[in-house]
Amino acid sequence: YKNGDVNKDGIVDVSDVIYAMNKLSKGTLTDEEKNIGNVNYDNIFDVADIIKIMRYLSGKVASLS
């Protein structure tokens, strides 16, 4: 899966942001989802990663690599 594709549907879009926010708030992200979503590479999946995904979707960040 690509970086940021937290819901693993093959594309990075707003559904990944919603999915990640819901699962992060409930504490139910799997280790695989955390790794895919860790787009700032600090080894912690948190709101900062979700914000980076949103910035990518809005064109403010060129890539999630």
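Data block above holds the structure.
Predicted, not measured: the structure shown is a model, and the values here were computed from it. Numbers given for residues are sequential positions, taken from 1 along each chain in its written order. Thresholds applied to this predicted model are a pLDDT of at least 70 for local features of residues and 80 or more for the giving and counting of side-chain atom pairs; totals over whole chains, interfaces and linings are not thresholded and use all residues. Just so you know, side-chain values use all the structure's heavy atoms and leave hydrogens and water out.

Asks: For this particular structure, what's the right way to read the overall build of the protein?
Replies: Across its full length, the protein carries 3 helices and 0 strands. In DSSP terms, a helix is any run of H or I states spanning at least four residues, a strand is any run of E spanning at least two, and both are numbered starting from the N terminus. Going residue by residue from the N terminus, the α and β elements of the protein occur as α-α-α. Overall, the C-alpha framework of the protein stretches about 30 × 25 × 20 Å when taken along its three principal axes. For every residue, the accessible area obtained with a 1.4 Å probe (protein chains only) is divided by the maximum for its type, and the residue is called buried under 20%, exposed over 50%, and partly exposed between those limits. Within the protein, the fraction of its 65 residues that count as buried is 31%. Residues are treated as being in contact if the distance between any of their heavy atoms lies within 4.5 Å. Residue pairs in contact within the protein that sit at least 24 positions apart in sequence constitute 41% of those at least 6 positions apart. Residue burial considers only the protein chains on display, and all accessible areas are found by Shrake-Rupley using a 1.4 Å probe. Carbon and sulfur atoms make up 54% of the accessible area of the protein, which amounts to about 3900 Å² in all.

Asks: How should the pattern of salt bridges be read in this particular structure?
Replies: Pairing between side chains becomes possible if they bear opposite charge and their charged atoms approach one another. Salt bridge, as used here: a side-chain nitrogen of Lys or Arg that lies within 4 Å of a carboxyl oxygen of Asp or Glu. Following the criterion strictly, the structure yields 2 salt bridges and no others. With its nearest N and O atoms 3.0 Å apart, the salt bridge here joins Lys8 to Glu32. Of this pair, Lys8 sits in the segment before helix H1 (14-26) while Glu32 sits in helix H2 (residues 31-37), placing them 24 residues apart in sequence. Glu33 is the salt-bridge partner of Lys23, the closest N and O atoms lying 3.2 Å from each other. Taken as a pair, Lys23 in helix H1 and Glu33 in helix H2 lie far apart in primary sequence, 10 residues in all.

Asks: Any chance you could explain the environment of Ala62 here in plain terms?
Replies: Locating Ala62 in the fold gives a position in the segment after helix H3 (47-57). Residues Ala62 and Ile18 lie 44 residues apart in sequence; the distance between their C-alpha atoms is 21 Å.

Asks: It is not clear to me how the side chain of Glu33 should be interpreted in this structure. Could you clarify?
Replies: Residue classification places Glu33 among the buried positions, given a relative accessible area of 2%. N or O atoms within 3.5 Å of each other form a polar contact, as long as, within protein, one can give a hydrogen and the other can take it, and as long as residues adjacent in sequence are counted only when both atoms are side-chain atoms. One polar contact links Glu33 to Lys23, side chain to side chain, over a distance of 3.2 Å. Only 2.8 Å separates the side chain of Glu33 from the backbone nitrogen of Thr30, close enough to count as a polar contact. Ignoring sequence-local partners within four residues, the contact set of Glu33 consists of Val6, Lys8, Tyr19, Lys23 and Thr28.

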